[in-house]
Amino acid sequence: MSLLSRWHALLREQAPVAIATVIEGPGASFGGKLLVTPDDHEGSAGDEDLDRAIVEAARGLLEGGKTETRHFGPRGQRRMEDVAVFIQSFAPPPKMYVFGAIDFASAVARIGKFLGYRVIVCDARAVFATRERFPSADEVVVAWPDEFLKTAEVDHRSIICVLTHDPKFDVPVLKAALDTPAGYIGAMGSRRTHNNRTARLKEEGVSDEQLERISSPIGLDIGSRTPEETAVAIAAEIIAFRTGHAGGRLAERSGPIHTPDPDVADSPDAEDAKRDAGRDARREAAGAARDAR
Amino acid sequence: MNPVVDKVASWSEEGKKAALATVVKVERSGPLGPGTSMAISEDGQVVGSVSGGCVEPAVYEEAMAAIESGTPKLLSYGISDDEAFGVGLTCGGIIHIFVERVDW
């Protein structure tokens, strides 16, 4: 089986795979290609030691779903720059857990799919948690949300949206969510629901620091009303949270639109972009202070 | 599924030669990040893209050359903010693209 057909098969199975390509380097290694999975690898950059270093780097990046260029010496040495290897991770799609099988959940499941998540909808009520109501979800699970979440696979790329806004469900599931490394935890509800829920979580021993991990009320403030509009607000917050952007109108700011994706490093320019972003933020803060006066 | 790899695999099954062009680095502002790719078959079919549309014709030529020679190449396209409008690239910046024949 060629490297290409193996790569293709792994992508089809949604199995994790990294592809490493020597994009700069001495004659023999240049253009070398390796396919790396958590368990094995194939292909070569022309030197056993270099291959070993590339495979090790690729496995590390693959674990975090990251794509970047790494540098090595001609025999895989660290702190040398002769060989540049572009390592691209093809990690399985991140997961989005949606709790509460309400109308809003249907819209959130749809936009989650649109963004490339593997969407899992969970509700304890069998009448609501049906395939028919959530055709776009990858899985629809009838279970108590907190019990389900305790056994579910959650990593730092996972999204947890708690839309039940019923304290009977959302307090336990949020507590379970805080025990996971999830990258984003959001909880829906009015200001009153939010205050009530916060008080109950505190009674249950959740610290202020932990509470800060929960985006509540969920979503960016764009004046959403319908389930679809609300889903857009939630999706926008999820993106902004991952990229570290504040949200707001591009028309009202200056500086670069695209900053490096946190999962795709392209240093040293990443540093430039950070500096630019910082300058913009400072400029905006100064503007806001002026407006306040 | 990755549509570019999908297509390249089907070309390969048909016995067609192909080249893969992958964005490996983007300096300053660019719409598509590292890992974005485009593939070109020997009979001129194209799948995917590497920019907002302005460097594709140049990459196409390089890909055809790579299919012929088998020699990979690291290309850089730099467009200043002022020139960007003229050539139709939506953002200023420099993109680095690795072009290789698919023979692995």
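All values reported here derive from a predicted model rather than from experimental measurement. (Residues numbered from 1 in each chain as written. Chains lettered and ligands numbered in written order. Predicted model: local features only at pLDDT ≥ 70, side-chain atom pairs only at ≥ 80, totals over all residues. Heavy atoms only, no water.)

(A) Region of interest: the interface of chain A and chain B. Each side of the interface is counted separately: chain A has 27 residues, and chain B has 28 residues. Buried area between chain A and chain B, both sides added, is near 2,200 Å², and the carbon and sulfur share of it is 70%. Broken down residue by residue, the surface that chain A buries against chain B is led by A:Leu4, A:His8 and A:His258, which jointly contribute 27%. Our count for the contact surface shared by chain A and chain B stands at two salt bridges. Here B:Asp6 and A:Arg12 are joined by a salt bridge, their closest N and O atoms 3.9 Å apart. Between the two partners, chain A and chain B, sit four residue pairs in polar contact (both at pLDDT 80 or more). Listing elements by their share of the side of chain A that touches chain B, those giving two or more residues are α1 (3-12), β1 (17-24) and β5 (83-90) of chain A. If one sorts the elements of the side of chain A that touches chain B by residue count, α1(A) sits on top with six residues. Of the residues contributing to the side of chain A that touches chain B, the split by class is 13 nonpolar, nine polar and five charged. (Contact = heavy atoms within 4.5 Å. Buried area = accessible area lost by both parts, 1.4 Å probe. Salt bridge = Lys/Arg side-chain N within 4 Å of Asp/Glu carboxyl O. Polar contact = N/O pair within 3.5 Å; in protein donor to acceptor, adjacent residues only side chain to side chain. Helix = DSSP H or I, 4+ residues; strand = E, 2+ residues; numbered from the N terminus. Nonpolar A, V, L, I, M, F, W, Y, C, P; charged D, E, K, R; others polar.)

(B) Looking closely at the pattern of salt bridges. All names here are of chain A. A complete count under the given rule lists 25 salt bridges over all chains for this structure. Note that Arg118 is salt-bridged to Glu139, the shortest N-O span being 3.0 Å. Taken together, the positions of Arg118 in strand β7 (residues 118-123) and Glu139 in strand β8 (residues 139-142) put the pair 21 residues apart, joining distant regions of the chain. Under the relative-accessibility criterion, Arg118 is labelled partly exposed at 27%. When its relative accessible area of 31% is taken as the criterion, Glu139 is described as partly exposed. Notably, a salt bridge pairs Arg197 with Asp170, separated by 3.0 Å at the nearest N-O pair. Residue Arg197 is found in helix α6 (residues 191-203), and its partner Asp170 is found in helix α5 (residues 167-178); the two are separated by 27 residues along the sequence. Under the relative-accessibility criterion, Arg197 is labelled buried at 4%. (Buried < 20%, exposed > 50% of the residue type's maximum accessible area, 1.4 Å probe, protein only.)

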